[in-house]
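The chain contents come next:
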Amino acid sequence: MNISVSDVVLLAHAAFGVTGCLAALWVFVETINAQPGNATRIRTAALVTAVCMAAAWICGGYWYVQFYPPEKVLILKGPWPFAHNLFMETKEHLFFITGILAFLLPVATREQLSSNAAARKVVLSVAALVVVTGLVVEGAGAVINHGVKIALLRGDSKAQ
Amino acid sequence: MNSATAPKSSKLTAATAGFVLAAAITVLFNTALAWAKDASAPLTDFMTSLTGHHWTTHGAADLLVFAGLGILFTKSGIAEKMDSNRLIGALIGAVVIAALGLALWFAFV
């Protein structure tokens, strides 16, 4: 088995991102039925969302700066250059939006959600935006990964 | 919802309102900075010189804007005076515009 630091960091980035999305979904569902009894769970889930997205930010940033440049060259020479030009360029900046929204969630969940309709709307909106933008970012990551894969596969088939 | 005994409120605290407004402004700032970097090589080079990579500087700038504006709006109470539905609408609208702005820019420009 040959698992490199690049592999571990990249997979950790994706895993933290998915976990952050699931935690935001948890916030959303608990907030629909907000009561004094689940306030602690909502705040915990909001904190998990923020921590996971911060970890995804750090892992993804480290991988992007340290390991992505050779893959970018491969993508641009391959059959799917848009995997970098459109998907990576959008993803690397869209992720900041997901991150900022994730950091907003613990602030908004400090409100008394069971008795404050406006605060519930804020939390539901922010949690939903984290889930939607987070899933778009995850999907873009899959396209980028496929861009590298088909560049390598088609490059190999040309060489044979 | 079991909140019959709790006092009802439809007003956001200064911190929540302040950071919601800060987030709306930050996501628009994020997209504007992405456009500016893509259009201006000297700006990208300058941002690279600050931290070693323009993306790192971009993220740090976003965090500074979000935290700075959030604290400013919380202390000043400006956002707290705004209607909560308008604040939520501003945040959702800003995220949609910012996200589409990024995708359309990199698709067509």
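Residues numbered from 1 in each chain as written. Chains lettered and ligands numbered in written order. Predicted model: local features only at pLDDT ≥ 70, side-chain atom pairs only at ≥ 80, totals over all residues.

(A) Focus on the overall build of chain B. In terms of regular secondary structure, chain B is built from 4 helices and 0 strands. At 18 Å, chain B has a C-alpha radius of gyration far larger than the 13 Å of a compact globule built from 109 residues. Considering only C-alpha atoms, chain B reaches an extent of 60 × 30 × 25 Å along its principal axes. Residues counted as buried form 34% of the 109 residues belonging to chain B. Across chain B, contacts joining residues at least 24 apart in sequence account for 78% of those joining residues at least 6 apart. (Helix = DSSP H or I, 4+ residues; strand = E, 2+ residues; numbered from the N terminus. Rg over C-alpha atoms; globule rule 2.2 N^0.38 Å. Buried ≥ 20, exposed ≤ 12 C-beta atoms within 10 Å, placed from the backbone. Contact = placed C-beta atoms within 7 Å.)

(B) Representation of helix α4 (residues 84–108) of chain B in the model. An ideal rise of 1.5 Å per residue puts 36 Å on 25 residues; α4 of chain B measures up with 36 Å between its terminal C-alpha atoms. Among the residues of α4 of chain B, Ser84, Leu87, Leu91, Ala94, Val95, Ala98, Ala99, Leu102 and Phe106 of chain B are the ones counted as buried. (Expected span 1.5 Å × (residues − 1).)

(C) Representation of the nonpolar core. In this structure, Leu101, Leu104, Leu105, Val126 and Val130 of chain A together with Val20 and Ala23 of chain B are the most contacted members of the largest nonpolar core, which totals 75 residues. For this core, the secondary structure elements donating two or more residues are α1 (5–32), α2 (39–66), α3 (68–77), α4 (82–108) and α5 (117–159) of chain A together with α1 (14–39), α3 (54–76) and α4 of chain B. In terms of residue count, the dominant contributor to this core is α4 of chain A (16 residues). Among all residues touching Leu104 of chain A, those that are not within four sequence positions of it are Val126 of chain A together with Phe19, Val20 and Ala23 of chain B. (Core = buried A, V, L, I, M, F, W, Y, C linked by C-beta atoms within 7 Å.)

(D) Local environment of the environment of Asn116 of chain A. Turning to its location among the elements, Asn116 of chain A is positioned in the loop between α4 and α5. A tally of 24 C-beta atoms within 10 Å means that Asn116 of chain A is categorised as buried. Sequence separation of Asn116 of chain A and Ala34 of chain A is 82 residues, and the distance between their C-alpha atoms is 9.7 Å. If we skip the residues at most four places from it in the chain, Asn116 of chain A touches Glu111 of chain A together with Ser9 and Ser10 of chain B.

(E) Fine view of the interface of chain B and chain A. Every contact between the two is made by 37 residues of chain B and, on the other side, 36 residues of chain A. Those elements that place two or more of their residues in the side of chain B that touches chain A are α1, α3 and α4 of chain B. If you tally residues by element for the side of chain B that touches chain A, the top one is α4 of chain B, at 11 residues. Class assignment for the residues of the side of chain B that touches chain A results in 22 nonpolar, 12 polar and 3 charged. (Nonpolar A, V, L, I, M, F, W, Y, C, P; charged D, E, K, R; others polar.)

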